[in-house]
Number of protein chains: 2
Amino acid sequence: MMSAEQGAFRALADPTRRQILMHLGASDMTIAEVSDQFDMTRGAVRKHLTILEEGNLISVHPRGRERINRLAPDGIRAAADWLNYFNRFWDEKLGALQTAIENQQANESDQDNEQ
Amino acid sequence: MMSAEQGAFRALADPTRRQILMHLGASDMTIAEVSDQFDMTRGAVRKHLTILEEGNLISVHPRGRERINRLAPDGIRAAADWLNYFNRFWDEKLGALQTAIENQQANESDQDNEQ
DNA sequence: CCGTAATAATACCAAAAGGTATCATTTATA
DNA sequence: TATAAATGATACCTTTTGGTATTATTACGG
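We now turn to the structure provided with this report. (Residues numbered from 1 in each chain as written. Chains lettered and ligands numbered in written order. Predicted model: local features only at pLDDT ≥ 70, side-chain atom pairs only at ≥ 80, totals over all residues. Heavy atoms only, no water.)

## Comments concerning the sheet that holds strand β2 (residues 58-63) of chain A
Residues and elements named next belong to chain A.
Here comes step 1: Pairing is antiparallel across the open sheet formed by 3 strands, whose spatial order is β1-β3-β2. Looking along the sheet, the strands with just one partner apiece sit at the ends: β1 (29-30) and β2.
Here comes step 2: Here β2 runs beside strand β3 (residues 66-71); their pairing, made up of 6 bridges, is antiparallel. Paired with I58 across the two strands is L71, which belongs to β3. (Pairing = 2+ DSSP bridges. Helix = DSSP H or I, 4+ residues; strand = E, 2+ residues; numbered from the N terminus.)

As structure tokens, this is what we get:
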């Protein structure tokens, strides 16, 4: 398995996938509709959609012979949570307050050695 | 080259690199000090540090024969900016599509029904 | 100076990523 | 019921990634 955070960051690492998210922000789309936005095969786009789904950045909804791809909040939230946590921690560092280290330790069980 | 956002997301995609950032949040470290925190060779850790530097998540400061690695705000900001932009735009979509979502959603979802 | 600590630079490897091409399966529809 | 549309499933290929091991180079200390 993969932590929520790991799945999300992995999915966000590819520029095509971030673009797909933007397109899906405009409207839900079938695989074919997403593919039309890119200069690559449907197979490639489908793989990207699978990785986005694994990262809980989208949810997929079969409808007849189509598969509707829709933004889902969980993945984005997982990544945003990590960044926000890190930012707080960063701000404290800048303010010379080192007390966040305890919180870091407490959270490390969620984020070590997966992938 | 790479966009700031791409460099940052690429660097954040690896769990070891995210852990390195956490460690550097506690204090600046030389390559050897960072390596001591992980069960891998210095060469491997150094590669991770290079990618973190390319993503502007850390800055590197030679001091004598050592290389001090230190958190840098630019990379985190690039990723956070993208996510925040995406989130705003996501919030708008959620409001607009609520009824359509309710028609089809048979499972899961923490986004549900906050009317 | 000499030894050694810290890092740099390569060469190499296995696995994962990102892509194509092809064929099979399911579902609308004329 | 054919047939085409949409997707599923594989097989395959190349490049990137994450790692090791080994050999320089650089700088500090006695």
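Now that the structure has been shown, we can carry on.
## A few points about the protein's contact with DNA strand C
Here comes step 1: Around DNA strand C, the surrounding shell holds 18 residues, and the nearest of these are T41(A), K47(A), H48(A), G64(A) and R46(B).
Here comes step 2: Among the atoms of DNA strand C lying within 4 Å of the protein, the sugar-phosphate backbone contributes 77%.
Here comes step 3: Measuring from a sugar or linking oxygen of DNA strand C, one finds a side-chain N or O atom of R65(A) at 3.5 Å.
Here comes step 4: Separating a phosphate oxygen of DNA strand C from a backbone N or O atom of I31(B) is a distance of 3.3 Å.
Here comes step 5: For the surface near DNA strand C, the secondary-structure elements that each account for two or more residues are α4 (42-54) of chain A together with α3 (31-36), α4 (42-54) and β3 (66-71) of chain B.
Here comes step 6: If one sorts the elements of the surface near DNA strand C by residue count, α4(A) sits on top with 3 residues. (Near = heavy atom within 4 Å. Polar contact = N/O pair within 3.5 Å; in protein donor to acceptor, adjacent residues only side chain to side chain.)

Read these as layout, nothing more, since geometry by itself doesn't imply function.
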